[in-house]
Amino acid sequence: MEVGDLATESSGFPLPEETVEEVSRTFKALGDPTRIRILHLLSRGEASVGRIAGALSLSPSAVSHQLAYLRNLRLVKYRRKGSTYLYSCLDDHVLALLHQTIRHVEHG
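Residues numbered from 1 in each chain as written. Predicted model: local features only at pLDDT ≥ 70, side-chain atom pairs only at ≥ 80, totals over all residues. Heavy atoms only, no water.

K.L.:
Which residues make up the overall build of the protein, and what are the values?
P.N.:
Secondary structure assignment for the protein yields six helices and three strands. Relative to its full complement of 108 residues, the protein shows a buried share of 25%. Counted over contacts in the protein with a minimum sequence separation of 6, partners at least 24 positions apart contribute 51%. A total of about 7500 Å² of accessible surface is found on the protein, and carbon and sulfur atoms cover 53% of it. (Helix = DSSP H or I, 4+ residues; strand = E, 2+ residues; numbered from the N terminus. Buried < 20%, exposed > 50% of the residue type's maximum accessible area, 1.4 Å probe, protein only. Contact = heavy atoms within 4.5 Å. Areas by Shrake-Rupley, 256 points an atom, 1.4 Å probe, with all protein chains shown as cover.)

Pasting the structure below:
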């Protein structure tokens, strides 16, 4: 497939500025090692701040800060169970990108 073919197949060419900005924010989120670790852990199932902090040797405060960042980008969500908030991944596309990139690095 030629580059010109990609332009005609996309939903819009050139990309709308809003789309470019959103893609940039997503890649920025994936550009942080702590957020990568958190998303990778959450890709295996939901977890509380305490569980994430323990598994990644981080302070609960640091985890909460990163989860708020990821929540604002709609990459994670939470549900309340009693007095505990359980976090999980919200965007399967971003998880697929993360897992593809991990495989690329491990096998590249």
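On we go from here.
K.L.:
Give me helix α5 (residues 60–72): which residues, what numbers.
P.N.:
An α-helical turn contains 3.6 residues, so any two residues separated by three or four positions project in the same direction. Here α5 spans 18 Å end to end across 13 residues, near enough to the 18 Å set by a 1.5 Å rise per residue. Among all positions in α5, only V63, Q66, L67 and L70 are buried. Looking straight down α5, one finds its buried side chains confined to an arc of 105 degrees; they lie on one side. Those residues of α5 that are exposed and angled more than 90 degrees off the buried face are S61, H65 and N72. Buried residues along α5 sit in contact with α2 (17–30), α3 (33–42), α4 (49–56), β2 (76–81) and β3 (84–89). (Expected span 1.5 Å × (residues − 1). Arc of directions from axis to C-beta.)

K.L.:
I'd like to hear about helix α6 (residues 92–107), residue by residue, with values.
P.N.:
Between its first and last C-alpha, α6 extends 22 Å over 16 residues, near the 22 Å set by a 1.5 Å rise per residue. Listing the buried residues of α6 in full gives V94, L95 and L98. Buried residues along α6 cover an arc of 100 degrees about the axis, so they all sit on one side. Exposed residues pointing more than 90 degrees away from the buried face of α6 are listed as D92, H93, Q100, H104 and H107. Close packing links the buried residues of α6 with α2, α3 and β3. Its side-chain oxygen at 2.9 Å from the backbone nitrogen of H93, D91 defines the N-terminal cap of α6. (Polar contact = N/O pair within 3.5 Å; in protein donor to acceptor, adjacent residues only side chain to side chain.)

K.L.:
Give me the side chain of R35: which residues, what numbers.
P.N.:
By secondary structure assignment, the location of R35 is in helix α3. Comment: no salt bridge for buried R35; closest opposite-charge side chain is D32, at 4.3 Å. Here Q66 takes part through its side chain, which lies 2.9 Å from a polar atom of the side chain of R35. If we skip the residues at most four places from it in the chain, R35 touches K28, A29, Q66, Y69 and L70. (Lys, Arg positive; Asp, Glu negative; His and termini not counted. Salt bridge = Lys/Arg side-chain N within 4 Å of Asp/Glu carboxyl O.)

K.L.:
An account of the packing of α4 against α5 is requested, with residue identities and associated values reported.
P.N.:
For the pair α4 and α5, interaxial distance at closest approach is 9 Å and the crossing angle is 115 degrees. Classed by the angle they form, the pair α4 and α5 counts as roughly perpendicular. By crossing handedness, the relation of α4 to α5 is classed as right-handed. Of α5, the residues touching α4 (which contributes V49, I52 and A53) are P60, V63, S64 and L67. Its residues placed into classes, the contact of α4 with α5 shows six nonpolar, one polar and no charged. (Axes fitted to C-alpha atoms, helices over the stretch in contact; angles between N-to-C directions. Parallel < 35°, antiparallel > 145°, perpendicular 65-115°, else oblique. Left-handed = near helix turned anticlockwise from the far one by under 90°. Nonpolar A, V, L, I, M, F, W, Y, C, P; charged D, E, K, R; others polar.)

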